[in-house]
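# A closer look at the structure
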Amino acid sequence: MTAIPDPALVVLIGASGSGKSHWAAERYRAQEIVSSDDLRGVVGSGRHDLDASDDAFRLLDQIVAARARRGLTTVVDTLGLDPARRSAYLASASGRLPVVAVVFETPDRLCRERNAARDRPVPAPALAGQLKRVRDLDLRDEPWDQVVTLAGGETPVQRPEPQPSASEVPERNVVLQVSRFPWGDDPAGWLRGIALAADEAGFGGIALMDHLIQIPQVDRAWEPIPEPFTTLGMLAGLDTRLRLGTLCTPATFRPGGVVAKTVATLDVLSNGRAFVGIGAGWFEREHAAYGLPFPPPRVRLDEVERSIHTMRALWSKGTKPYDSEVLTLPETTCYPRPVGQPQIIVGGKGERRTLRIAAELGDACNLPTTDVLDHKLAVFEEHCQRAGRDVAVTVLDLPVVGRDRDDVWARVERLRGNRTAATYAERHHAATVEQTAERYRALFARGIATIFVALPDLAAAEDVLALAPLTNLS
């Protein structure tokens with residue numbers, strides 16, 4: 001079925017028994033559906049009290065107009081066969097909402113069977129007249145933005161459609177990735193301080209790594225690495241504007257359905273600020289230590305693909321079945337639904353499969369800001385062209401940032417371990433905050449949508465506040 005915009009004014013058109021109310025209830029919230037039958041029950045003695053029709057329709061018109069003024073999705077559940085009423089609905093939404101007609105061309109036999117099974121069936125001559133008017137319907141002269149025709153009387157199975165990049169994510173977005181946790185005796189207090197400092201400094205969000213053991217690139221194995229979604233749930237309770245998510249969750253840790261449920265909950269608790277990074281996983285040690293399978297790359301990437309399909313399906317409206325080449329679900333019951341559509345960021349740099357999955361299914365592809373970035377961008381662009389999609393690119397940056405040149409090199413010397421200072425400085429783009437800001441401007445100029453910043457020496461809120469010049473690069 002053709003995708004219907006949301007928000008929109010959706011007008012259902014069809015005879016009694018054609019399945020309009022069932023179709024609407026599967027896809028929309030009860031508050032979004034304005035039903036003439038239900039309003040007869042409000043102002044009259046019941047849903048089939050025809051003497052209350054005039055009052056019910058006056059009330060319906062008021063509700064539709066009020067919701068349209070506020071730009072709210074509204075589904076008009078009436079017969080929809082009166083051209084004058086359709087014209088009024090179109091006028092109420094003009095300039096405010098897309099207007100969509102959904103026409104139910106359900107077979108006459110099926111409509112009659114459903115009508116006969118009702119407690120109060122529509123008289124046969126009246127139903128015959130409705131069916132004829134549906135057959136004679138011509139909407140070509142009416143200014144609908146979209147007309148969707150459903151035939152056969154069955155609720156269509158949802159099939160995957162290309163997803164656009166998440167529109168709610170601002171361009172030129174800088175997000176703080178917290179990868180080390182020197183929180184001492186006050187873990188919650190340290191985390192709260194980091195998050196509030198990130199919000200004050202103008203960061204667009206906070207991302208957490210999803211690992212079971214601290215990775216050697218960041219710190220020693222016995223240093224703390226908290227479970228990310230529990231931690232993000234705590235941060236969601238703070239009064240900030242920060243987007244919250246993982247970068248990245250391995251598909252080997254949690255089934256895609258569990259990730260969908262977790263992220264939907266985080267999105268609700270944060271009022272629409274959740275995102276999720278997903279990847280194939282790479283740290284075999286943590287899998288073995290926690291008794292998790294670590295299959296070959298091909299199998300792990302299969303699971304990444306299935307997980308994205310599962311998230312898309314469970315975040316869609318209604319509880320309908322889902323069927324695609326890689327996933328079949330008998331139902332898609334996942335409540336609470338996310339407030340919006342959380343951005344799905346595919347992490348990894350495998351050119352043949354990972355970047356293709358990102359191009360075909362993701363909202364964004366995350367790449368490292370190393371010397372391979374140019375090559376990976378070119379490969380990813382080829383995948384996007386083949387997929388016919390425009391997918392955002394995000395990058396993970398691990399910079400050493402100092403107040404001045406002396407401070408920069410003091411940090412390099414402290415952090416480099418047994419690597420040469422020059423090698424470490426080059427790999428971590430060691431520079432002053434002003435020089436780092438110039439580098440970020442260049443990345444944004446190349447079309448990078450989001451820069452995830454992970455400081456290798458993050459210790460306290462003051463380190464985050466010092467990066468404020470990186471977050472406003474207009």
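Refer to the structure presented above.
The present account deals with the structure reproduced in this document. (Residues numbered from 1 in each chain as written. Predicted model: local features only at pLDDT ≥ 70, side-chain atom pairs only at ≥ 80, totals over all residues. Heavy atoms only, no water.)

The next subject is the sheet that holds strand β8 (residues 243-250). Each strand in a sheet pairs with another by means of backbone hydrogen bonds, the pair being arranged parallel or else antiparallel. As summarised here, the arrangement of the 8 strands in space is β6-β7-β8-β9-β12-β13-β14-β17, forming a closed barrel in which the pairing is parallel. Each neighbouring strand pair of the sheet contributes to a mean axis angle of 25°, computed without reference to strand direction. Bridge analysis of strand β6 (residues 173-178) against strand β17 (residues 450-453) gives 4 bridges, and the strand direction is parallel. Paired with V175 across the two strands is F452, which belongs to β17. Helix α11 (residues 297-314) rests against β9 (274-279) and β12 (343-347) of the sheet, and its axis sits at about 160° to β9. Sitting on the sheet, helix α16 (residues 433-445) touches β6, β14 (392-397) and β17, and the angle it makes with β17 is about 145°. (Pairing = 2+ DSSP bridges. Helix = DSSP H or I, 4+ residues; strand = E, 2+ residues; numbered from the N terminus. Axes fitted to C-alpha atoms, helices over the stretch in contact; angles between N-to-C directions. Contact = heavy atoms within 4.5 Å.)

The next point concerns empty space enclosed by the protein. Evaluated as defined, the whole model comprises 1 cavity of 30 Å³ or more. Roughly 30 Å³ of internal volume is contained in the largest cavity. In terms of lining residues, the largest cavity is bounded by V178, L191, I194, I206, L208 and L235. Those elements that provide at least two residues to the lining of the largest cavity are α7 (187-201) and β7 (205-208). (1 Å grid on protein atoms, 1.4 Å probe; cavity = no way out; pocket = protein on both sides within 12 Å on 5 of 7 lines; lining within 4 Å. Points joined across faces, edges and corners; volume = space filled by probe spheres on them.)

Turning to helix α14 (residues 405-415), a few remarks are in order. The periodicity of an α-helix, 3.6 residues per turn, causes residues three or four positions apart to be oriented the same way. Listing the buried residues of α14 in full gives D407, V408, R411, V412 and L415. Buried residues of α14, seen end-on, are gathered within an arc of 140° and therefore sit on one face of the element. The outward face of α14, more than 90 degrees from its buried face, is lined by the exposed residues R405, D406 and R414. Each element contacted by the buried residues of α14 is listed here: β15 (401-402), α15 (421-427) and β16 (431-432). With a side-chain oxygen lying 3.2 Å from the backbone nitrogen of D406, the N-terminal cap of α14 falls on D404. Directly after α14, the chain includes G417, whose backbone phi takes a positive value near 65°. (Buried < 20%, exposed > 50% of the residue type's maximum accessible area, 1.4 Å probe, protein only. Arc of directions from axis to C-beta. Polar contact = N/O pair within 3.5 Å; in protein donor to acceptor, adjacent residues only side chain to side chain.)

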